[in-house]
Amino acid sequence: MLAEFRTKRETERVRVEDKYQVIGFISSGTYGRVYKAKAKKTVKSADGEEKELVYAIKKFKPDKEGDTHTYTGISQSACREISLCRELQHQNIISLQEVLLEDNSIHMVFEYAEHDFLQIIHHHSQQERKPIPEFTIKSFLWQLLNGVAYLHANWVLHRDLKPANILVTADGVVKIGDLGLARIYERPLQPLFNGDKVVVTIWYRAPELLLGSRHYTKAIDIWAVGCIFAELLTLRPIFKGEEAKMDNKKNVPFQKNQLNKIFDVLGKPTKEQWATIEQQPEYPNLASFRSSPNRLREFYNNSCSSNSDAGFALLSAMLEYDPVKRITAEDALLHPYFSEEPKPSMDSFEGQHYQYPLRAVKSEDNDMKVPPTANSAVQGQGGTTHGGTRGKHGHSGKDEGRPSKRGRV
Amino acid sequence: MAANFWTSTHGTNWLLSRQALADCRKIDRQYVNEQDLIKVNIWFAQIITDLGRRLQVRQVIIATAITYFKRFYTKNSFRNTEPNLVAATCMYLACKIEESPQHIKAIITDMKTIMQERGENFTYENQKVAEMEFYLLEELDFNMIVYHPYRSLMTLAQDLGTKNEDVQWAWYVINDSYRTDMCLLYPPHVVAAAALYLRIALRGGAQYGDYSLTSTTSTANDNSVAGVTTRGAKRGAAAAASNNNTNTTANETPKVKDIRLWFAQLNVDLEHISDIVQEIISLYKLWGEEDKQNEKIREILTRLLK
């Protein structure tokens, strides 16, 4: 009797190629591959013009491709991302158009975003050799916080905020992408720690996580936003540490190098700054660190492209050691920095003359069934990756050496 | 979404009218009558519950799995599918979504055991469950986040100052409500209010033992006690519904003086509450019968599944 059902499903099923024409390959990672595609059906815009709708299709590969005997269904990461994207609707969160199933693979069809923070940071540091205009930075930051505030109001932690995951449309609208590690924490059946031993890419990982805290909060996302803010201002990661690898027994190692990078700028945290620091599991390991002063002001004055005191105050508030004292997304949106000129806008590129490069698309790889040719695959990012490239439909592969974080599930 | 039920996919896509639900079941109704279909639903809810218990997952996961199962059968008839496979797959997906993933082999092993206890064989292996998961996701339209009455119950009970034993009792009623169609018809907070109301109404007719009631709702294998429940609940519900029951539980709910006023202020349709209460009462009646008549359900399933 299942045969009847199967036939019904298969005949009703919409094929990806019926609706979309693949333009080319964007990027790949352990999760699968991302393609740029356009809808076969065009829509008429208000002024009667035929408009093409462009999408990014994220094709998950089955957990164990080709091996039907050990195939165990969709991965938990895909499950999370689909279930959350299905519920979330916000102008600063990448929107999921639809999900299609074909050839044992999930295809998530997302709205297309031409740029991402990482690509824009690279463009300014490599090509322009000039800072990002403060208006654009402020608009980026405000919209990013706006999206994070929405996630947090809905009890969702993103857990992997970093420049490559923050997309920007051609119209300058920020779209938070990649919710593959995101989780609802309203009703944890399991403590968050049990599911994923390690979250957040090392450079953006909050001090409480580095000190082994098991009951982390939305403050971990704010720390990452603070790091991203600093990176927009200086065009380089503020805490560029090296990740200590997990050993064979999957014990989470102490991240001495990363903490050192943080202490270099913010000073070694004291009990006065962070009341519960002594209760952090890794606290004993801090004994070997020498105490050091907070040099954030110096860093801001010397390395950052803004001279706004309010900007400094906001950055400090986001890089607060004590997660309880760290500013919330909602409060950050009301920070005086945003009422100062230049005021943020929903079009971060408004009146700006920079032409950011379009997302690289390999048009020769336009068959989703065939793996892309070797030299076009954005793979094997060196450095500290131990989980493969993250599932961004994001960047154009210019972040060699950048760490990434695959959720351990 | 998570903060607002009404903007969630649950609130916008998965609350059906009774008529819509009846339309979904037209094909099945060609083979069995309405009462029998209710028994079939109780039967499979019990299978999923037993599977969840064997896997030692939490109640919320069982509730999510049953909700998936019921949603699946708003789009399919029992006749054209394999409900045991669907049930196992619902549990597999629910565990993932509720962040307590179980190995697919564990699901299958435990499903085999509980079906053997029922004199049936569960013959599916990994790839069948994985394949079914794909179909299930499509039928659910990838809407996987489900809201349950448990959280609302805690909020309401706190507001009302309800005793722990009453909260526990209402919790059991909510568990039992998943054997009915309530999770397809009413928002979870309304079901929670109804469960609490049922308890309070019963306390109004205090001559019926409370503790025996608790054990009845959790095991439901003593028909005579279930009968008492039914009558007691009916009387209590009727009294409270007609708003005559002024002396309800004043000493049990110290935070709230007027229980009727409190329910009125909940902004929940009292007709819905009494509807749910009636439904749960008739559940206990049918459930008791079904449990002793394993032969009967087998005969119904044969007709339904051909």
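Residues numbered from 1 in each chain as written. Chains lettered and ligands numbered in written order. Predicted model: local features only at pLDDT ≥ 70, side-chain atom pairs only at ≥ 80, totals over all residues. Heavy atoms only, no water.

A separate point is the sheet that holds strand β7 (residues 105-111) of chain A. Residues and elements named next belong to chain A. Within the open sheet, the five strands sit side by side as β1-β2-β5-β7-β6. Their pairing is antiparallel. Bordering the open sheet on either side are β1 (20-29) and β6 (96-102), each of which pairs with just one other strand. In this sheet, neighbouring strand axes are inclined to one another by 25 degrees on average, regardless of whether the strands run parallel or antiparallel. Pairing geometry for strand β2 (residues 32-39) and strand β5 (residues 54-60), over seven bridges, is antiparallel. Residue pairing for β5: R33 is matched across the bridge by K59. Each of β5, β6 and β7 touches helix α3 (residues 76-87); the most contacted strand, β7, lies at about 40 degrees to it. (Pairing = 2+ DSSP bridges. Helix = DSSP H or I, 4+ residues; strand = E, 2+ residues; numbered from the N terminus. Axes fitted to C-alpha atoms, helices over the stretch in contact; angles between N-to-C directions. Contact = heavy atoms within 4.5 Å.)

The subject of this paragraph is the UniProt feature "domain: Cyclin-like" (unreviewed entry) in chain B. Here the UniProt feature "domain: Cyclin-like" (unreviewed entry) sits at residues 46-138 of chain B. Annotated as 71% helix and 0% strand, the span residues 46-138 of chain B places its first and last C-alpha atoms 24 Å apart. (UniProt positions renumbered as here; feature names shortened; annotations may be inferred.)

A separate point is the side chain of R359 of chain A. Residue and element names in this part refer to chain A. Take R359: it is sitting in the segment after α12 (329-333). R359 sits in the buried class, given a relative accessible area of 4%. Here A113 takes part through its backbone oxygen, which lies 3.0 Å from a polar atom of the side chain of R359. (Buried < 20%, exposed > 50% of the residue type's maximum accessible area, 1.4 Å probe, protein only. Polar contact = N/O pair within 3.5 Å; in protein donor to acceptor, adjacent residues only side chain to side chain.)

Another aspect to go through is the pairing of β7 of chain A. Residue and element names in this part refer to chain A. Of all the seven residues making up β7, seven are buried; the element is thus mostly covered by neighbouring parts of the structure. Examined bridge by bridge, β5 and β7 share five bridges and lie antiparallel to one another. Bridge assignment links Y55 to a residue of β7, and that residue is E111. Counted between consecutive antiparallel strands, the loop separating β6 from β7 contains two residues, among which D103 sits at a positive phi close to 50 degrees.

We now examine the sheet that holds strand β10 (residues 166-168) of chain A. Backbone hydrogen bonds hold the strands of a sheet together, and the pairing may be parallel or antiparallel. Residues and elements named next belong to chain A. One open sheet accounts for three strands, arranged β8-β10-β11; its pairing is antiparallel. Each having just a single partner strand, β8 (115-116) and β11 (174-176) make up the two edges of the open sheet. Relative to β10, β8 runs antiparallel, the two sharing two bridges. Paired with H115 across the two strands is V168, which belongs to β10.

Residues and elements named next belong to chain A. Among the twelve residues that make up helix α4 (residues 117-128), nine are buried, leaving the element largely enclosed by the rest of the structure. Taken together, the buried positions of α4 are F117, L118, Q119, I120, I121, H122, H123, H124 and S125. Those residues of α4 that are buried lie in contact with β8, α5 (134-153), β10, β11 and α8 (219-234). One or two positions beyond α4, positive phi appears at R129, with a value near 55 degrees.

This part takes up the environment of K70 of chain B. Residues and elements named next belong to chain B. As for its placement among the helices and strands, K70 is situated in helix α5 (residues 59-72). C-alpha of K70 to C-alpha of D181: the two residues are 111 residues apart in sequence and 7.8 Å apart in space. The contact partners of K70, leaving out residues within four places of it in the chain, are N41, Y178, R179, T180, D181, C183 and L184. Only 3.1 Å separates the side chain of K70 from the backbone oxygen of T180, close enough to count as a polar contact.

A separate point is the pairing of β6 of chain A. Residue and element names in this part refer to chain A. Counting buried positions along β6 gives six out of seven residues, so the element sits mostly inside the fold. The sheet contact formed by β6 and β7 spans six bridges and is antiparallel. Bridge assignment links L100 to a residue of β7, and that residue is H107.

Turning our eyes to something else, we now look at the environment of P403 of chain A. Residues and elements named next belong to chain A. Here P403 is to be found in the segment after α12. Assessed through its relative accessible area of 4%, P403 is described here as buried. As for P403 and G241, which are separated by 162 residues in sequence, their C-alpha atoms are 9.6 Å apart.

Size of an interface, as often reported, equals the accessible area lost when the parts are brought together. All names here are of chain B. Structurally, chain B comprises domain 1 (14-146) and domain 2 (149-292). Each partner contributes residues to the interface: domain 1 has 24 residues there, and domain 2 has 20 residues. Taken together, both faces of the contact between domain 1 and domain 2 bury some 1,900 Å²; the carbon and sulfur share is 62%. The largest contributions to the domain 1 side of the interface with domain 2 come from R18, I42 and K70, which together make up 30% of the buried area. Along the contact surface separating domain 1 from domain 2 lie four salt bridges. Close ionic contact of R18 with E279 constitutes a salt bridge, the shortest N to O distance being 3.0 Å. The tally of links from domain 1 across to domain 2 stands at seven residue pairs in polar contact (both at pLDDT 80 or more). The element best represented in the side of domain 1 that touches domain 2 is helix α4 (residues 34-55), accounting for nine residues. Residue classes in the side of domain 1 that touches domain 2 are distributed as eleven nonpolar, eight polar and five charged. (Domains from an automatic or database assignment. Buried area = accessible area lost by both parts, 1.4 Å probe. Salt bridge = Lys/Arg side-chain N within 4 Å of Asp/Glu carboxyl O. Nonpolar A, V, L, I, M, F, W, Y, C, P; charged D, E, K, R; others polar.)

Right, let's get into the confidence of the model for chain A. Confidence along chain A averages 86 in pLDDT terms, with 86% of residues attaining 70 or more. With pLDDT under 50 throughout, residues 376-398 of chain A is counted as low confidence; its partners more than four residues away or in other chains account for 91 contacts. (pLDDT = per-residue confidence, 0-100.)

Attention shifts here to the domain arrangement of chain A. Residue and element names in this part refer to chain A. Examined at the domain level, chain A breaks down into domain 1 (15-111) and domain 2 (115-338). Summarising the inter-unit geometry, the C-alpha centres of domain 1 and domain 2 are found 29 Å apart. Taken together, the 15 residues of domain 1 in the interface contact 21 residues of domain 2. Between domain 1 and domain 2, the buried area comes to about 1,500 Å², and carbon and sulfur atoms account for 58% of it.

Turning next to the confidence of the model for chain B. Close inspection of predicted coordinates is inappropriate for parts of the model with low pLDDT. All names here are of chain B. For chain B, per-residue confidence averages 81 on the pLDDT scale, and residues scoring 70 or more make up 79% of the total. For the stretch residues 205-253, pLDDT sits under 50, and the model shows 67 contacts to residues farther than four places along the chain or on other chains. Reported for the predicted complex are a pTM of 0.84 and an ipTM of 0.83.

Next up on the list: the packing of aromatic side chains. Residue and element names in this part refer to chain B. Under the criterion given, the structure shown has 28 aromatic pairs over all chains. A centroid spacing of 5.0 Å and a plane angle of 80 degrees characterise the contact between F72 and Y73, whose relative ring orientation is edge-to-face. By relative accessible area, F72 is classed as buried at 0%. We classify Y73 as buried; its relative accessible area is 5%. (Phe/Tyr/Trp six-rings, centres within 6.5 Å; stacked < 30°, edge-to-face > 60°.)

In this chain, E341 of chain A is followed by P342 of chain A through a cis amide linkage whose omega measures -10 degrees. Inspection of the secondary structure puts P342 of chain A in the segment after α12. The phi dihedral of W155 of chain A falls on the positive side, at around 60 degrees, and the residue is not glycine. Locating W155 of chain A in the fold gives a position in the loop between α5 and β9 (156-157). With a phi close to 60 degrees, Q56 of chain B is a non-glycine residue in the positive phi region. Inspection of the secondary structure assignment puts Q56 of chain B in the loop between α4 and α5. Q56 of chain B sits in the exposed class, given a relative accessible area of 71%.

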